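# Chains, contacts and geometry: an overview
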Amino acid sequence: MAQRYVRVQTTEKRIYYGLLQLSRCVQVLDAPPWLKGQPTEMILEPDSYQLLAPCAPSKIVAVGKNYADHAAEMGTSVPTEPLLFLKPPTAIIPIGGEIWYPPQSQRVDYEGELALIIGEACIDCTPEEAQAKIWGYTIANDVTARDLQQRDGQWTRAKGFDTFCPLGPWIVREISPSARLQTFVNENPQPVQSALIEEMVFPPEVLVSFISQVMTLLPGDVVLTGTPQGIGPLFVGDRVRVEIEGIGSLENTVVARPSPRK
């Protein structure tokens, strides 16, 4: 099994990066792994931590309509160059975190995606250079308020709500281009989304190169690579699970957005 790099919070509220063992123990690293973090002698027992999202990026750069079938179901043609938008880091939640259904929306959709983790600063990179800047891979759900996306004409509000970027559960260093991405809702054994990641219009290294000519990507930043055909609505009480071969699965539950804290 590939090494699984995690970010965890202990019962004492300390946050560490580490390597997840088959026993579910975590061997703590002395720094984020993309910053050459090395294993320490500190071991966390399974009942002494909870999984966080596997990184804390300065930004999340996402790509729209990067699968031809998804572009078609949205009623548009495939873009001639990557279509970029941003999600705020405050949208991130880990595996098991709750997706808050906002009262402003009547249609919230799942969008299962492969996420890239940037390992070192990337600016004006060629695709070949960009490939070396991709440190690893994880799973994301680009949750979207579809009605607000269509109403606003731009995507910041629809994509930017708190909890609208489930991310995790861990990072792996490599993934096969023929890996399959699938999304499941509740107990239905049939996936609502299913595609090979090699079906992307623009592959990961092209996306990272293109983005790097617009903005500098920093270590730990996240790039969402687009969702395949099969998007659909979520409702309060639903459980949504995104699986990618070679990584694992990311499951979250939808709840009504809680009242603001006083």
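Counting restarts for each chain, with residues numbered from 1 along the sequence as it is written. This being a predicted model, a pLDDT of at least 70 is required before a residue's local features are given, and a value of 80 or more before pairs of side-chain atoms are given or counted; all residues contribute to the totals for chains, interfaces and linings. Each side-chain value is derived from all of the structure's non-hydrogen atoms; neither hydrogens nor water enter the calculation.

Another point: the sheet that holds strand S16 (residues 193-196). Between any two strands, at least two bridges found by DSSP are needed for them to pair. Segments assigned H or I by DSSP are reported as helices when at least four residues long, segments assigned E as strands when at least two residues long, and all are numbered from the N terminus. Taken in spatial order, the 5 strands make up an open sheet running S9-S20-S19-S15-S16, and their pairing is mixed. Lying at the two open borders of the sheet, with one neighbouring strand each, are strand S9 (98-101) and S16. If you compare each strand with its neighbour and ignore which way they point, the axes differ by 20° on average. Sheet topology places strand S15 (residues 180-185) next to S16; 4 bridges connect them, and they run antiparallel. Counterpart to Gln182 in the pairing with S16 is Ser194. For helices, the fitted axis covers only the stretch in contact; all axes are lines through C-alpha atoms, and the angles between them, taken along N-to-C directions, range from 0 to 180 degrees.

Attention now moves to helix H5 (residues 204-212). Note on classification: 1.4 Å probe, protein chains only; a residue is buried when its accessible area is under 20% of the maximum for its type, exposed when over 50%, partly exposed between these limits. Among all positions in H5, only Pro204, Leu207, Val208, Ser209, Ile211 and Ser212 are buried. Between two residues, a contact is recorded if the distance between any of their heavy atoms is within 4.5 Å. Tucked inside the fold, the buried residues of H5 contact strand S6 (60-64), strand S7 (83-87), strand S11 (112-118), helix H2 (127-133), strand S12 (134-141) and strand S17 (222-224).

With that settled, consider the packing of aromatic side chains. Centres within 6.5 Å make a pair out of two Phe, Tyr or Trp rings, where for Trp the six-membered ring is used; the pair is then stacked when the planes are under 30 degrees apart, edge-to-face when over 60, and tilted otherwise. Counting across every chain of the model gives 5 aromatic pairs. On the basis of an interplanar angle of 80° and a centroid distance of 4.9 Å, the ring pair of Tyr5 and Trp135 is categorised as edge-to-face. With Tyr5 in strand S1 (residues 4-10) and Trp135 in strand S12, this residue pair connects regions lying 130 residues apart in the sequence. Trp135 sits in the buried class, given a relative accessible area of 10%. Note on Tyr17 and Trp34: the rings are 5.4 Å apart at their centroids and 80° apart in plane angle, and the pair reads as edge-to-face. Placement of Tyr17 in strand S2 (residues 15-20) and of Trp34 in the loop between strand S3 (26-29) and strand S4 (39-44) is noted, with a sequence separation of 17 residues between them. Here Tyr17 falls in the buried class, since its relative accessible area comes to 15%. One aromatic cluster is present, formed by Tyr5, Tyr17, Trp34 and Trp135 through successive ring pairs. Lysine and arginine charges are scored as sitting over a ring when NZ or CZ, respectively, is within 6 Å of the ring centre and within 35 degrees of the ring normal. It is Arg4 that lies over the ring of Trp170; its NZ or CZ is 4.9 Å from the centre. Its end group placed over the ring of Trp135, Arg173 keeps NZ or CZ at 4.0 Å from the ring centre.

Moving on, we come to the sheet that holds strand S13 (residues 144-145). The strand order across the open sheet built from 3 strands is S13-S10-S18, with neighbouring strands paired in antiparallel fashion. Where the open sheet ends on each side, the last strands, each with one partner, are S13 and strand S18 (232-234). Looking at chain direction, strand S10 (residues 108-110) and S13 are connected through 2 bridges and run antiparallel. Following the sheet pairing, Asp109 is matched in S13 by Thr144.

Turning to the pattern of salt bridges, a few remarks are in order. For this analysis, a salt bridge means a side-chain nitrogen from Lys or Arg found within 4 Å of a carboxyl oxygen belonging to Asp or Glu. Throughout the structure, instances matching the rule amount to 13 salt bridges. Here Glu111 makes a salt bridge to Arg146, at a shortest N to O gap of 2.6 Å. Here Glu111, found in the loop between S10 and S11, pairs with Arg146, found in helix H3 (residues 146-152); they are 35 residues apart in sequence, far enough to count as distant. Between Arg239 and Glu251 there is a salt bridge, with its nearest N and O atoms 3.2 Å apart. Taken together, the residues span a long stretch of sequence, with Arg239 in strand S19 (residues 239-244) and Glu251 in strand S20 (residues 248-256) at a distance of 12 residues. Here Arg239 falls in the partly exposed class, since its relative accessible area comes to 26%. Overall, Glu251 belongs to the partly exposed group, its relative accessible area being 27%.

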